[in-house]
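The residues making up each chain are set out below.
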Amino acid sequence: MNQIHIISDLIKWIEKNLEQPLSIDNVAKKSGYSKWHLQRMFKEVTGCILGTYIRHRRLTHAALALKLTSKPILDIAMQYRFDSQQTFTRSFKKQFSLTPASYRRAEYWDPAGLTPPIELDKKPLMLPEPQFITFPDKVFWGVAYKSRCNLNEILSEKIKIRENFFKDYVKKYVKSKEHFPSQVFAFSMPQPSIDNPDEQEMIYTIALEEKKNIEDIYAFHRKEGLYVCFKYIGPTDGFWAFIEQIYLAALPALSVKRRKDPDIEIHYHCDTHDFSNGLFESPEEIECDYCIPIIMKE
């Protein structure tokens, strides 16, 4: 097994164990190499220092927990193996330039400091050039869905949840006996769960620009504002890795902050799928603009 495979397998193991003790000695024991040899090999393969990478990934998860859940700050610090809230605050501020409390309370979410996982066994995802677009104030007509999941389930659950939402929406639309449109909008708004501090709620609205005779439809108001948009054309099962890369790699490199409005997905060529039997099957390839509400940093 070559060095890339060894480090790739180790990174996958680290990702699954960010909430467990991950001292260099523990990681070296898992790898079967001395800690000195392992650290040198990790740096040669990834360009990163092993201990720094682990800390950055833990703090990235902590930052997401602060923004997407209501879990107490001390509990988040303990979850990601900081020995005290003071140690956590000091490390967090070094990476994100804000204390955890200020980061959670901030009106706008600054993505600078978020760190994506290293994936050596995958072809690097080439993000397209961002397009900055000011969308006008507009009313859409849609059906709203709600789901809940914990932080570790967000990406895996999003795939299943959205497929179920679209399946239900298609059934409602087929009942209306109208031609399915070529362009469908989806608005997603995560927020901390009221009932469980470890979870987030997702309000997901599938909508059209015109009112149709669809069950449970309501008027959805999109406020005027600036968005940064990225186009995705590719396999359906790669869409969520694309979104993860936008949030953890693309946004931190831009001089922007996220506003508290829904993300917008604009799905194209939806009329090319045969929904006449009322069934929804996830297409093999999709074309979508993914747009995030932002302000420019001063």
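First, a word on scope: everything that follows refers to the structure included in this document. (Residues numbered from 1 in each chain as written. Predicted model: local features only at pLDDT ≥ 70, side-chain atom pairs only at ≥ 80, totals over all residues. Heavy atoms only, no water.)

**Description of the overall build of the protein**
Within the protein, the regular secondary structure consists of nine helices and nine strands. Taking 19 Å as the expected radius of gyration for a compact globule of 298 residues, we find that the protein reaches 21 Å, a close match to that expectation. Oriented by its inertia axes, the alpha-carbon framework of the protein measures out at about 65 × 45 × 35 Å. Counting all 298 residues of the protein, 46% fall into the buried class. Taking as baseline every contact in the protein between residues at least 6 positions apart, the subset at least 24 positions apart corresponds to 77%. On the protein, roughly 15600 Å² of surface is accessible, and the fraction owed to carbon and sulfur atoms is 52%. Looking at the protein, you have 41 positive and 40 negative side-chain charges, and the mean spots of the two groups are 7 Å apart. (Helix = DSSP H or I, 4+ residues; strand = E, 2+ residues; numbered from the N terminus. Rg over C-alpha atoms; globule rule 2.2 N^0.38 Å. Buried < 20%, exposed > 50% of the residue type's maximum accessible area, 1.4 Å probe, protein only. Contact = heavy atoms within 4.5 Å. Areas by Shrake-Rupley, 256 points an atom, 1.4 Å probe, with all protein chains shown as cover. Lys, Arg positive; Asp, Glu negative; His and termini not counted. Charge placed at Lys NZ, Arg CZ, Asp CG, Glu CD.)

**Thoughts on the pattern of salt bridges**
According to the stated counting rule, one finds 15 salt bridges in the structure shown. Put simply, lysine 35 and aspartate 25 hold a salt bridge, and the shortest N to O gap is 3.4 Å. Pair noted here: lysine 35 is in helix H3 (residues 35–46) and aspartate 25 is in helix H2 (residues 24–31), with a separation of 10 residues, a long-range link. Among the residues examined, lysine 35 registers a relative accessible area of 28% and is labelled partly exposed. Given a relative accessible area of 48%, aspartate 25 falls into the partly exposed group. Note that aspartate 261 and arginine 259 form a salt bridge whose closest N and O atoms lie 2.5 Å from each other. Each member of the pair, aspartate 261 as well as arginine 259, carries the same accessibility label: buried. Each member of the salt-bridge network shares a partner with another, and the members are Asp168, Lys172, Glu215 and Asp216. (Salt bridge = Lys/Arg side-chain N within 4 Å of Asp/Glu carboxyl O.)

**Some thoughts on the state of the cysteines**
For the coordinates displayed, the defined rule picks out one disulfide. A sulfur-sulfur separation of 2.4 Å characterises the disulfide bridge that pairs cysteine 229 with cysteine 291. Between cysteine 229 and cysteine 291 the sulfur-sulfur dihedral comes to about 115°; the bridge is accordingly right-handed. Taken as a pair, cysteine 229 in strand E6 (residues 225–235) and cysteine 291 in strand E9 (residues 285–296) lie far apart in primary sequence, 62 residues in all. The buried category is assigned to cysteine 291, whose relative accessible area is 1%. Its sulfur unpaired, cysteine 149 is 19 Å from the next cysteine sulfur, which belongs to cysteine 288. Of the cysteine sulfurs around cysteine 288, a residue in no disulfide, the closest is that of cysteine 291, at 7.7 Å. (Disulfide = S-S within 2.5 Å.)

All we've got here are geometric facts, nothing functional implied.
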